[in-house]
Amino acid sequence: NWYTVNDPRNVCPTGWHVSTDAEWTVLIDYLGGYSVAGGKMKSTGTQYWSGNTDATNESGFSGLPGGYRLYFGTFSLIGSFGYWWSSTELSGDAWSRGLYFYNGNVNRLNFDKSSGISVRCIKD
């Protein structure tokens with residue numbers, strides 16, 4: 001969950017950190033914007049994704065559809081959607097990014113901090 005992202009012991013290895021909301025925006029802008037960046041970030045192949053529209057993995061990000069875990073322990077959307085935390089808070093939530101099996105978009109979302117989603121570490 002997001003509390004792990006924010007823990008001072010650092011979920012990422014030494015010399016790395018969880019992307020901020022602003023760092024996610026830089027990546028997405030570099031890849032051509034929200035309407036196309038998702039396809040460039042998704043792993044190709046349907047062995048992971050339920051379908052996989054517009055996936056090219058041009059960025060080398062190799063995003064996989066890990067879905068999410070709700071705060072009470074239920075898992076959902078594994079194989080269809082992929083979500084990644086940012087380290088940026090938004091009131092009781094935190095910003096994240098999402099990829100979807102049915103298009104090449106990437107979306108900016110706020111998730112409840114108690115939910116479980118993936119983490120992207122980037123080099124300092």
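Notes on the structure follow. Values in this document were obtained by computation on a predicted structure and should not be read as measured data.

1. A closer look at the pattern of salt bridges
Point 1. For the structure shown, the criterion picks out four salt bridges.
Point 2. Between Asp-21 and Arg-97 there is a salt bridge; the shortest N-O distance is 2.6 Å. Of this pair, Asp-21 sits in helix H2 (residues 21–30) while Arg-97 sits in strand E5 (residues 93–100); the two residues are 76 residues apart in sequence, bridging distant segments of the chain.
Point 3. A residue is classified by how much of its surface remains accessible, and Asp-21, at 10% relative accessible area, is buried.
Point 4. Overall, the relative accessible area of 1% leaves Arg-97 in the buried class.
Point 5. As a salt-bridge pair, Arg-108 and Asp-21 come within 2.7 Å of each other at their nearest N and O atoms. With Arg-108 in strand E6 (residues 106–112) and Asp-21 in helix H2, this pair connects stretches of sequence that are 87 residues apart.
Point 6. Salt bridges sharing partners connect three or more residues here, namely Asp-21, Arg-97 and Arg-108.

2. Remarks on the pairing of strand E4 (residues 81–90)
Point 1. Across seven bridges, E4 lies against E5 in antiparallel orientation. Bridge pairing links Trp-84 to Arg-97 in E5.
Point 2. Joining the antiparallel neighbours E4 and E5 is a turn of two residues, in which Ser-91 adopts a positive phi near 55°.

3. As for H2
Point 1. Considered for burial, the residues of H2 that qualify are Asp-21, Trp-24, Leu-27 and Ile-28. In an axial view of H2, the angular spread of the buried residues amounts to 120°, which keeps them on one side of the axis. Summarising the geometry of H2, the exposed residues directed more than 90 degrees from the buried face are Ala-22, Val-26, Asp-29 and Tyr-30.
Point 2. In this structure, the buried side of H2 is in contact with helix H3 (37–41), E4, E5 and E6.
Point 3. Directly beyond the C-terminal end of H2, a positive phi value near 110° is found at Gly-32.

4. A closer look at the environment of Ser-87
Point 1. The topology assignment puts Ser-87 in strand E4.
Point 2. The class of Ser-87 is partly exposed, set by a relative accessible area of 27%.
Point 3. Between the C-alpha atom of Ser-87 and that of Glu-23, which follows or precedes it by 64 residues, the distance is 9.9 Å.
Point 4. Residues in contact with Ser-87, not counting those within four places in the same chain, are Trp-2, Val-5, Val-18, Ser-19 and Thr-20.

Definitions and limits used
- Residues numbered from 1 in each chain as written.
- Predicted model: local features only at pLDDT ≥ 70, side-chain atom pairs only at ≥ 80, totals over all residues.
- Heavy atoms only, no water.
- Salt bridge = Lys/Arg side-chain N within 4 Å of Asp/Glu carboxyl O.
- Helix = DSSP H or I, 4+ residues; strand = E, 2+ residues; numbered from the N terminus.
- Buried < 20%, exposed > 50% of the residue type's maximum accessible area, 1.4 Å probe, protein only.
- Pairing = 2+ DSSP bridges.
- Arc of directions from axis to C-beta.
- Contact = heavy atoms within 4.5 Å.

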